[in-house]
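Residues per chain are reported as follows:
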Amino acid sequence: VDRNVLADMRKLIEDFPSFAKKYRLIKRIGEGWFHKPSQPPGQWANHTSIGTFSTVYKAEDKLYDYYNNDWKDQIEATKWTPPPVRRRHNHPSSPRRPNRYVAIKKIYVTSSPSRIFNELDLLNDLRNCPSVCPLITAFRHTDQVIAVLPYFRHSDFRSYFRDMTIPDIAIYLRSLFTALKSCHEHHILHRDIKPTNFLYDPSTQHGVLVDFGLAEREGTETKPCLCHEGRPMRRARQVNSVWAQTSNGQNQPGYPKNDTRPSKRANRAGTRGFRAPEVLFKCTEQTTAIDIWSAGVILLTILSKRFPFFNSADDVEAMIEIATIFGSRRMKAAGLLHGCVFETTIPTVGTQGFSLEKIILWSTCRNEDKPLTTEEKMAVSFLERCMELDPSRRITAEEALQHEFLKMHDP
Ligand code: ADP
Ligand code: MG
């Protein structure tokens, strides 16, 4: 056992004596940011959320009673089934009360305490939502905050995604989109949809969405973005003016990296490789559609059997990866929606791009004589709807649940 982990656990118990009475810490789960393997930061940072830090432990609730607790309804609402009750019959003091595990999330104060409040506040709003991890309680000691969540048994995505059948994928996504529908109905953007934040147990086929550390309410801190201008004519005029601005000598047209115009400051929190094009184009009026794109990246990962599918080190590289698939023409159009000029001279980025079907056939090394099955085609057409470059045309979570692919094996 890592000494740092033990020291952290001891500190936690010292700082929260009331907590220690109720819970018994078992082990650390998830990846704490300061315990990452000693690789150069760039290597793991690609798949780490930017802007949030926490450590999660598994613990046992010593006083828990399944049949007599006040958050039973909340647990039931997630459609999660508690593990079967195991009684130690042969022990004289055999407690009838089964073990009850919780996840203890210690949230670090990074940017501001309001971030922590935000996470707890949103979780509180989302209680009773199917497939969203409920919040049991939270403790604070000076500047430290811990959130107590029911423990969900889950497997590492990398251990099962290559073996998923099309019906498995549909069931997985139905669970994920059920969670997204609840969030989006509450006008909450999760902002960090990726496999490690969706805890899935392939044996029970249940999943819960966790980690609202980067989540935000729709419409906070927004400045108008061109993509929200209604009529196309008006939109075209405004884009032209941006063009003029970029080519009049103040700014060279080029990658948005060089774009220093003050209006282009937007929330870019999330995980590289899962960020929607509008996030990369620094749209200032991001909507819940960003989560749908990320869910699409998960589906693309599963279908192509490649994780991580996108492996960029920065935003510009991420745009190039997306442009390689969709083609520079569509990528340019996508940028213009947000008043952003996308120019590229990278030879691998063609104008036309490729169909997602082609990308999947290539990544799984299938040649032309083994085309996609009808079911696989259905999955790809669903994927196309999730990975629309224009957020206003992307499928919504509610529509997704009505899509033939997700309804395919609906019991
Ligand atoms: P972070 O902000 O550090 O990413 P998360 O909330 O995503 O924090 O939790 C990190 C990891 O801890 C998750 O990927 C998961 O493995 C584990 N974890 C979090 N919540 C739970 C839970 N309720 N049950 C089981 N494991 C959990
Ligand atoms: Mg996380």
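These numbers come from a predicted model, not from an experiment.

Asker: Can you break down the sheet that holds strand E4 (residues 137–141) residue by residue, with the values?
Answerer: Sheet strands pair via backbone hydrogen bonds, and the direction of the pair is either parallel or antiparallel. As summarised here, the arrangement of the five strands in space is E1-E2-E3-E5-E4, forming an open sheet in which the pairing is antiparallel. Looking at the sheet topology across the chains shown, the edges are occupied by strand E1 (23–29) and E4. The sheet shows a mean angle of 30° between the axes of neighbouring strands, direction not considered. Where E4 and strand E5 (residues 144–150) come together, five bridges link them in antiparallel fashion. Note on E5: the bridge partner recorded for Ala138 is Ala147. Against the sheet, helix H1 (residues 3–15) engages E1, strand E2 (54–61), strand E3 (101–107), E4 and E5, with an angle of about 150° to E1. In the packing of helix H5 (residues 113–125) onto the sheet, contacts are made with E3, E4 and E5, and the angle to E5 comes to roughly 25°.

Asker: Talk me through the nonpolar core; I want residue IDs and the actual numbers.
Answerer: Ranked by size, the top nonpolar core spans 92 residues in total, and within it Tyr172, Leu173, Phe177, Phe382 and Phe405 carry the most contacts. Here this core gets eleven residues from one element, more than from any other, and that element is helix H7 (residues 166–185). Discounting residues that sit within four places of it in the chain, Phe177 has contacts with Ile292, Ala295, Phe382, Cys386, Ala397, Ala400, Leu401 and Leu406. Of all hydrophobic cores here, the second largest spans 15 residues; its members include Phe16, Tyr23, Ile104 and Ile136.

Asker: Give a description of the pattern of salt bridges that names residues and reports values.
Answerer: Applying the stated criterion across every chain yields a total of 16 salt bridges. Taking the shortest distance from any N to any O, the salt bridge between Arg153 and Asp201 comes out at 3.0 Å. Here Arg153, found in the loop between E5 and helix H6 (157–160), pairs with Asp201, found in strand E7 (residues 198–201); they are 48 residues apart in sequence, far enough to count as distant. Taking relative accessible area as the criterion, Arg153 reaches 53% and is therefore assigned exposed. Residue class for Asp201 comes out buried when judged on its relative accessible area of 8%.

Asker: So what's going on with the packing of aromatic side chains? Residues and values would help.
Answerer: Within this structure, the stated rule accounts for 21 aromatic pairs. On the numbers, 6.5 Å between centres and 70° between planes, the contact of Phe16 with Phe19 is edge-to-face. Each member of the pair, Phe16 together with Phe19, is buried. Between Phe177 and Phe382 the ring centres are 5.5 Å apart and the planes differ by 75°, which places this aromatic pair in the edge-to-face class. Taken together, the residues span a long stretch of sequence, with Phe177 in helix H7 and Phe382 in helix H14 (residues 374–386) at a distance of 205 residues. Accessibility classification places Phe177 together with Phe382 in one group, the buried group. Counting every residue linked through ring pairs, the aromatic cluster contains Phe157, Tyr160, Phe161, Tyr172, Phe198, Tyr200 and Phe307.

Asker: Run through the coordination of the magnesium ion (ligand 2), naming residues and quoting values.
Answerer: On the protein side, the magnesium ion (ligand 2) has Asn197 (OD1) and Asp211 (OD) as donor atoms, found 2.1 Å from it. Of this pair, Asn197 sits in the loop between strand E6 (188–189) and E7 while Asp211 sits in the loop between strand E8 (206–209) and strand E9 (216–217); the two residues are 14 residues apart in sequence, bridging distant segments of the chain. Take Asn197 and Asp211: they sit in the same class, and that class is buried.

Asker: Go over H5 with me, naming the residues and quoting the values.
Answerer: The end-to-end C-alpha separation of H5 is 18 Å, in line with the 18 Å expected for 13 residues at 1.5 Å each. Within H5, burial applies to Ile116, Asn118, Glu119, Leu120, Leu122 and Leu123. As for H5, its buried residues are in contact with E3, E4, E5, E6 and E9.

Asker: Account for the confidence of the model for the protein, naming residues and giving values.
Answerer: Here the protein averages 82 in pLDDT, while 76% of its residues score no lower than 70. Counting interchain partners and residues more than four positions distant, the pLDDT-below-50 stretch residues 32–47 has 29 contacts. Segment residues 87–98 is flagged for pLDDT under 50; beyond a separation of four residues in sequence, or across chains, it makes 13 contacts in the model. Among the prediction metrics, the complex's ipTM stands at 0.99, with pTM recorded as 0.85.

Asker: Describe the environment of Lys22, naming the residues involved and giving the relevant values.
Answerer: Mapped onto the secondary structure, Lys22 falls in helix H2 (residues 17–22). Sequence-wise, Lys22 and Arg158 are 136 residues apart; in three dimensions their C-alpha atoms are separated by 34 Å. Dropping the residues within four chain positions of it, Lys22 is found in contact with Glu60, Asp61, Lys62 and Leu63. At 3.3 Å, the side chain of Lys22 forms a polar contact with the side chain of Asp61.

Asker: Tell me what's going on with the packing of H7 against helix H10 (residues 289–304), and back it up with residues and numbers.
Answerer: As a packed pair, H7 and H10 sit with axes 11 Å apart at the nearest point and diverge in direction by 170°. It follows that H7 is roughly antiparallel to H10 by the angle criterion. For the pair H7 and H10, contact is made by Ile166, Ile169, Tyr172, Leu173, Leu176, Phe177, Leu180 and His184 and by Asp291, Ile292, Ala295, Ile298, Leu299, Ile302 and Leu303, respectively.

Asker: Tell me what's going on with the pairing of E2, and back it up with residues and numbers.
Answerer: In summary, the side chains of a regular strand alternate between the two faces of the sheet. Counting buried positions along E2 yields seven of eight residues, so the element is predominantly enclosed. Here six bridges tie E1 to E2, and the two strands are oriented antiparallel to one another. Note that in E2 the partner of Arg24 across the bridge is Glu60. Relative to E3, E2 is paired through seven bridges, and the arrangement is antiparallel. Of the residues in E3, the one forming a bridge with Val56 is Lys105.

Asker: Give me the lowdown on the environment of Ala318, citing residues and values where you can.
Answerer: Within the secondary structure layout, Ala318 lies in helix H11 (residues 315–326). Under the relative-accessibility criterion, Ala318 is labelled buried at 8%. In this structure the C-alpha to C-alpha distance between Ala318 and Arg275, which are 43 residues apart in sequence, comes to 8.4 Å. Leave out the neighbours within four places in its chain, and Ala318 touches Leu280 and Ser312.

Conventions used here
Residues numbered from 1 in each chain as written. Chains lettered and ligands numbered in written order. Predicted model: local features only at pLDDT ≥ 70, side-chain atom pairs only at ≥ 80, totals over all residues. Heavy atoms only, no water. Pairing = 2+ DSSP bridges. Helix = DSSP H or I, 4+ residues; strand = E, 2+ residues; numbered from the N terminus. Axes fitted to C-alpha atoms, helices over the stretch in contact; angles between N-to-C directions. Contact = heavy atoms within 4.5 Å. Core = buried A, V, L, I, M, F, W, Y, C linked by side-chain atoms within 4.5 Å. Buried < 20%, exposed > 50% of the residue type's maximum accessible area, 1.4 Å probe, protein only. Salt bridge = Lys/Arg side-chain N within 4 Å of Asp/Glu carboxyl O. Phe/Tyr/Trp six-rings, centres within 6.5 Å; stacked < 30°, edge-to-face > 60°. Donors = N, O, S within 2.8 Å, 3.2 Å for Na, K, Ca; no water. Expected span 1.5 Å × (residues − 1). pLDDT = per-residue confidence, 0-100. Polar contact = N/O pair within 3.5 Å; in protein donor to acceptor, adjacent residues only side chain to side chain. Parallel < 35°, antiparallel > 145°, perpendicular 65-115°, else oblique.

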